[in-house]
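Listed below, chain by chain, are the residues.
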Amino acid sequence: PAPLTTLSGSGVLKAPGSQTIKAPAEWLKGTEKYSLVISALPGVEFLGALKFLMQYPYGCIEQTTSSVYPLLYLKDVAAKTDPQKFSSDAIDNYINEGIERILSMQTYSGGFSLWAGYNDPNKFGSAYATDFLVDAEKAGYNVPKSDKDAALDYLETVLAGKENENPLELKAYACYVLSKAGRQKQSWVRKLQERKNDLPEYARFYLAAALMAMNDKQGVSEILGEGLVDKKIERKTGDDLDSYVKTNGLALSMYMDIDPENPIVPVLVKRLKGAMQNGNWGTTQDNAAALLGLGKYIRYLNTQDTDYQGS
């Protein structure tokens, strides 16, 4: 007896040339399945991580959001590189089911509980879920206005809460999501700007995006100019679930929104690729953060023409 196991890998082959790929053989005979994808699209090496998320059973608010969020940015790439597994219709259905599942965890306060049936909202999970709902609506998916507005109202109460209950990084995330939804809170953005050195590195990118929505290019430049130091980041198992992968994935996502030609972009991509193990990043949060950033990067690269054939 053994659980379902998925292994994936990738490589680059330059023309003209050939390569022999040896698949793992240590399986119970008759139970194994193999697939090979050949593509010029740079997203092919991340399909293993996408499968990891899509095979993950629906769970808490974080896991559910993480399993669907990257699909908003990788839908086209996934459908082209592996149409049998990731058809457009299948992805649309998966995202719509995810929206329904997320909304089933919304509480009377407008925030989202950690699990369906709970009454108390999870603060970081609520910001994360609302972030996804705002982007899903922009991508053309049906998000009920009353539910979305209630979620945004809840984030405004997070901003008003005491700092010992609602830390600065949570408020920075709330400001970012509210800005994306067209409900900028300029006074709070300025307060956070004054205390940017008290923010974790990743949260400064939320602040930069909020400043961009206010057209404060100088403020954005000051934050992005600091780059992102490549250092060890202790993984958190609660609250914001910060980690090395999440920090670099979030930084890449923000750079692609604000300054896609910044020279740090390929550096962040290399860091994320280097952090992959067995074709994914191990947790739903890390997979989602990495794929969000890489999805935006791939979408940007795919505007370039390619002359490619494979068999």
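What to know about the overall build of the protein chain
Now for step 1: Along its length, the protein chain carries 13 helices and zero strands.
Now for step 2: From first element to last, N terminus to C terminus, the protein chain shows the α and β order α-α-α-α-α-α-α-α-α-α-α-α-α.
Now for step 3: Within the protein chain, buried positions represent 48% of all 311 residues.
Now for step 4: For the protein chain, contacts bridging at least 24 residues in sequence account for 65% of all contacts bridging at least 6.
Now for step 5: As displayed, the protein chain has an accessible area near 16300 Å², and 49% of this comes from carbon and sulfur atoms.

Observations regarding the environment of Met256
Now for step 1: Summarising the element assignment, Met256 is placed in helix H11 (residues 244-258).
Now for step 2: The buried category is assigned to Met256, whose relative accessible area is 9%.
Now for step 3: Between the C-alpha atoms of Met256 and Gly295, which are 39 residues apart in sequence, the distance is 9.7 Å.
Now for step 4: Apart from residues no more than four positions distant in its own chain, Met256 is found in contact with Val265, Gly293, Lys296, Tyr297 and Tyr300.

Focus on the side chain of Ser253
Now for step 1: By secondary structure assignment, the location of Ser253 is in helix H11.
Now for step 2: Not counting chain neighbours up to four residues away, the residues in contact with Ser253 comprise Gly293 and Lys296.

Looking at helix H4 (residues 88-103)
Now for step 1: Compared with an ideal rise of 1.5 Å per residue, which puts 16 residues at 22 Å, H4 spans 23 Å between its outermost C-alpha atoms and is within 8% of the ideal.
Now for step 2: For H4, the complete set of buried residues consists of Ile91, Tyr94, Ile95, Gly98, Ile99, Ile102 and Leu103. Down the axis of H4, the smallest arc covering the buried residues is 165°, so these residues share one side. More than 90 degrees from the buried face of H4, the exposed residues found are Asp89 and Glu100.

Considerations on the environment of Asp92
Now for step 1: In this structure, Asp92 sits in helix H4.
Now for step 2: Considered as a pair, Asp92 and Leu72 are 20 residues apart in the sequence and their alpha carbons are 9.2 Å apart.

Remarks on the packing of aromatic side chains
Aromatic rings considered in pairs are described by the distance between their centres and by the relative angle of their planes.
Now for step 1: Tallied over the entire structure, the rule returns seven aromatic pairs.
Now for step 2: Note on Tyr173 and Tyr206: the rings are 4.3 Å apart at their centroids and 10° apart in plane angle, and the pair reads as stacked. One end of the pair, Tyr173, is in helix H7 (residues 168-180); the other, Tyr206, is in helix H9 (residues 201-213), and 33 residues separate them in sequence. Neither Tyr173 nor Tyr206 differs from the other in exposure class; each is buried.
Now for step 3: On the numbers, 6.0 Å between centres and 85° between planes, the contact of Tyr202 with Tyr206 is edge-to-face. Taken together, the residues Tyr202 and Tyr206, both in helix H9 and four residues apart, mark about one turn of the helix. You'll find Tyr202 and Tyr206 in the same group, each marked buried.
Now for step 4: Among the aromatic residues, those joined into a cluster by ring pairs are Tyr173, Tyr176, Tyr202 and Tyr206.
Now for step 5: The cationic tip of Lys246 hangs over the ring face of Tyr202; the distance from NZ or CZ to the ring centre is 5.4 Å.

A few points about a nonpolar patch on the surface
Now for step 1: On the surface, Leu7, Trp27 and Tyr34 cluster together to form a nonpolar patch covering roughly 310 Å² of accessible area.
Now for step 2: Looking at the secondary structure, you find Tyr34 in the segment before helix H1 (47-54).

A short note on unusual backbone geometry
Across the chain, the bulk of peptide bonds are trans and the bulk of non-glycine residues have phi less than zero.
Now for step 1: Unusually for a residue other than glycine, Asn215 sits at a positive phi of about 65°.
Now for step 2: Here Asn215 lies in the loop between H9 and helix H10 (217-224).

Some details on the environment of Gly295
Now for step 1: Along the chain, Gly295 turns up in helix H13 (residues 284-301).
Now for step 2: Under the relative-accessibility criterion, Gly295 is labelled buried at 0%.

A look at the confidence of the model for the protein chain
Now for step 1: The pLDDT averaged across the protein chain works out to 85; a share of 88% of its residues lies at or above 70.
Now for step 2: Helix H6 (residues 145-160) holds the highest mean pLDDT among the elements of the protein chain, 96, whereas H1 holds the lowest, 75.

Looking at the nonpolar core
Now for step 1: Membership of the largest hydrophobic core comes to 87 residues, with the highest contact counts inside it found for Ile99, Phe132, Leu252 and Trp281.
Now for step 2: Here Phe132 is in contact with Thr65, Val68, Tyr69, Leu72, Ile95, Ile99 and Ile102, once residues within four sequence places are set aside.

Brief notes about helix H5 (residues 123-138)
Now for step 1: Between its first and last C-alpha atoms H5 spans 23 Å; for 16 residues at 1.5 Å apiece the expected length is 22 Å, and the two agree.
Now for step 2: Judged by how many residues are buried, H5 sits mostly within the fold: 13 of 16 residues are covered.
Now for step 3: The N-terminus of H5 is capped by Asn122, whose side-chain oxygen sits 2.6 Å from the backbone nitrogen of Gly125.
Now for step 4: Once H5 finishes, Gly140 follows within two positions and takes phi at roughly 100°, a positive value.

Details of the packing of H4 against H5
Now for step 1: Where H4 meets H5, the closest approach of the two axes is 11 Å, and the angle between their N-to-C directions is 140°. If you check the angle between H4 and H5, you find them oblique. Considering how the two elements wind past one another, H4 and H5 form a crossing that is left-handed. Across the interface between the two elements, Ile95, Ile99, Ile102 and Leu103 of H4 pack against Ala129, Phe132, Leu133 and Ala136 of H5.
Now for step 2: Residue composition of the contact of H4 with H5, by class: eight nonpolar, no polar and no charged.

Conventions used here
- Residues numbered from 1 in each chain as written.
- Predicted model: local features only at pLDDT ≥ 70, side-chain atom pairs only at ≥ 80, totals over all residues.
- Heavy atoms only, no water.
- Helix = DSSP H or I, 4+ residues; strand = E, 2+ residues; numbered from the N terminus.
- Buried < 20%, exposed > 50% of the residue type's maximum accessible area, 1.4 Å probe, protein only.
- Contact = heavy atoms within 4.5 Å.
- Areas by Shrake-Rupley, 256 points an atom, 1.4 Å probe, with all protein chains shown as cover.
- Expected span 1.5 Å × (residues − 1).
- Arc of directions from axis to C-beta.
- Phe/Tyr/Trp six-rings, centres within 6.5 Å; stacked < 30°, edge-to-face > 60°.
- Lys NZ or Arg CZ within 6 Å of the ring centre and 35° of its normal.
- Patch = residues over 30% accessible without salt bridge, like charges linked within 9 Å, V, L, I, M, F, W, Y side chains within 5 Å.
- Salt bridge = Lys/Arg side-chain N within 4 Å of Asp/Glu carboxyl O.
- pLDDT = per-residue confidence, 0-100.
- Core = buried A, V, L, I, M, F, W, Y, C linked by side-chain atoms within 4.5 Å.
- Polar contact = N/O pair within 3.5 Å; in protein donor to acceptor, adjacent residues only side chain to side chain.
- Axes fitted to C-alpha atoms, helices over the stretch in contact; angles between N-to-C directions.
- Parallel < 35°, antiparallel > 145°, perpendicular 65-115°, else oblique.
- Left-handed = near helix turned anticlockwise from the far one by under 90°.
- Nonpolar A, V, L, I, M, F, W, Y, C, P; charged D, E, K, R; others polar.

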